[in-house]
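Chain by chain, the residues run as shown.
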Amino acid sequence: MADLPRVGNAIQAANRRRLQELESRRQARVILNPVEVAGKYSAARMLTTTLGGQVRPITPQDLAAFRKAVANLGKKVSQGITAAEALGLSRPADVQRAREEIRYSMVVRLQAGKLQLVTNASAQSRVNRHHVTVEFVQYSAALARPGKPLGAAMWLVKETPLRFECDCEHFRYFLRYVASAGGWVAGRVEHGYPKLKNPMLAGACCKHLVRVMTDLQQSGGIRQRIANMIEADRQRIDAPGKARPKVFTVSQQEAEGMLPKRARTIRVQPYQRRATLTPKATAADIRLAMAVYAGKTDAASQAITRALAALAAQQTRP
Ligand SMILES: [Zn+2]
């Protein structure tokens, strides 16, 4: 791949982008503050959301309710979401764009449970790369956990909650707000309401994050780097005196060596924690619905019956 980024440049560029973002925010009129939202601006009413499972216009009341629900769930939600959940919460359009346009991500820097990655940008983009930060919320637990570093790394990428951010405009103007409300934002917390530009205030991942969440779960190279970081930090805990966590940078050659020959397949499961956000179906309702479809032989009805049976089976689990 001729257009691979230089790793050294990527780290500098990430820092530069962060400063630019702060500066542009200082001058920005793209972000509305919450008081403006509650009052005269109609942008709020035109935004749509898939929160609650249906695409419909979002209102300030929706967001207030969403925040309240998040607050009620407490630490469970404020501690981030797993990579699989983040993918499951993403809009199909962004998943599709990632499949078509974002071929790779590369990890370039790791320190104390925090990863910096770069992805390619789409052909239409004004920039060449995008910079993504991922933080492992349970990193301390991974250090304390018994077992080999590679096992702990596997646990972190597959099962534990993350916080993340991307430097693209989609994330900056929309998803940072959603991520802040949902408690999975890395870096700056955005409480200002986004003014209309893209009509959807929905999803968790931009197309770059969709790629990163996929590679994070699947790449053996990334996992090995995380294991190295865990090993070093475990040693640091055992040998007090070295105050600063070790910084791991990935060389150009290593980074290229970690890239798969073909882009990894993006797989999306439905968001797994939705059941905690919306009321569960009662067993009686499920039985009733199954009775309606019982005996029907067309493919659609049979699929519905299977889905209902799966739902019923879930409920019997402790
Ligand atoms: Zn992005």
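Remember, predicted model here, so these are calculated numbers, not experimental data.

Draft legend 1. Structural view of the overall build of the protein. Of regular secondary structure, the protein possesses 16 helices and nine strands. With 318 residues in all, the protein has 46% of them scored as buried. The contacts in the protein between residues at least 6 apart in sequence include a share of 69% that link residues at least 24 apart.

Draft legend 2. Structural detail: the environment of R234. Among the secondary structure elements, R234 is positioned in helix 12 (residues 220-238). A C-alpha to C-alpha distance of 5.9 Å links R234 and L143, two positions 91 residues apart in sequence. What R234 contacts, discounting residues up to four positions off in sequence, is A142, L143, R145, G147, K148, P149 and A152. Side-chain polar atoms of R234 contact the backbone oxygen of R145, separated by 2.9 Å. In terms of polar contacts, R234 uses its side chain to reach the backbone carbonyl oxygen of G147, at 2.8 Å.

Draft legend 3. Molecular detail of the pairing of strand 4 (residues 105-111). In terms of burial, strand 4 is a largely internal element, six of the seven residues being buried. Relative to strand 5 (residues 114-120), strand 4 runs antiparallel, the two being bridged by six bridges. Following the sheet pairing, S105 is matched in strand 5 by T119. Between strand 4 and the antiparallel strand that follows it, strand 5, lie two residues; A112 among them carries a positive phi value of about 45 degrees. Bridge count for strand 4 against strand 9 (residues 247-249) is three bridges, and the pairing is antiparallel. Residue pairing across strands places L110 opposite F248, the latter belonging to strand 9.

Draft legend 4. Spotlight on the sheet that holds strand 7 (residues 162-166). Taken together, the five strands give an open sheet; going across it, the order is 7-6-5-4-9, and neighbouring strands pair in antiparallel fashion. A strand with exactly one partner marks an edge of an open sheet, and here the two such strands are strand 7 and strand 9. Across the sheet, the mean angle separating the axes of adjacent strands is 20 degrees when strand polarity is ignored.

Draft legend 5. Representation of the packing of helix 7 (residues 92-101) against helix 11 (residues 207-218) within the structure. Two elements in contact, helix 7 and helix 11, have axes separated by 8 Å at closest approach and are oriented at 75 degrees. Taken together, helix 7 and helix 11 sit at an angle that is classed as roughly perpendicular. Residues D94, V95, R97, A98 and E101 of helix 7 lie in contact with helix 11, whose contacting residues are K207, V210 and R211. Split into classes, the residues belonging to the contact of helix 7 with helix 11 amount to three nonpolar, no polar and five charged.

Draft legend 6. Expanded view of the side chain of S122. Note that S122 resides in the loop between strand 5 and strand 6 (129-136). Residues within four places of S122 in sequence aside, it is in contact with E101, I102 and K207.

Draft legend 7. Highlighting the coordination of the zinc ion. Within the protein, the zinc ion binds to C166 (SG), C168 (SG), C206 (SG) and H208 (ND1); these donor distances fall in the range 2.2 to 2.3 Å. Considering all four donor atoms around the zinc ion, angles at the metal cover 106 to 112 degrees and the coordination shape is tetrahedral. Between consecutive donor residues of the zinc ion, the sequence gaps follow C-x1-C-x37-C-x1-H. Of this pair, C166 sits in strand 7 while C206 sits in the loop between strand 8 (193-194) and helix 11, placing them 40 residues apart in sequence. Like C166, the residue C206 is buried in the burial classification.

Criteria and thresholds
Residues numbered from 1 in each chain as written. Predicted model: local features only at pLDDT ≥ 70, side-chain atom pairs only at ≥ 80, totals over all residues. Heavy atoms only, no water. Helix = DSSP H or I, 4+ residues; strand = E, 2+ residues; numbered from the N terminus. Buried < 20%, exposed > 50% of the residue type's maximum accessible area, 1.4 Å probe, protein only. Contact = heavy atoms within 4.5 Å. Polar contact = N/O pair within 3.5 Å; in protein donor to acceptor, adjacent residues only side chain to side chain. Pairing = 2+ DSSP bridges. Axes fitted to C-alpha atoms, helices over the stretch in contact; angles between N-to-C directions. Parallel < 35°, antiparallel > 145°, perpendicular 65-115°, else oblique. Nonpolar A, V, L, I, M, F, W, Y, C, P; charged D, E, K, R; others polar. Donors = N, O, S within 2.8 Å, 3.2 Å for Na, K, Ca; no water. Tetrahedral: all angles 85-135°; square planar, octahedral: opposite > 155°, others 65-115°.

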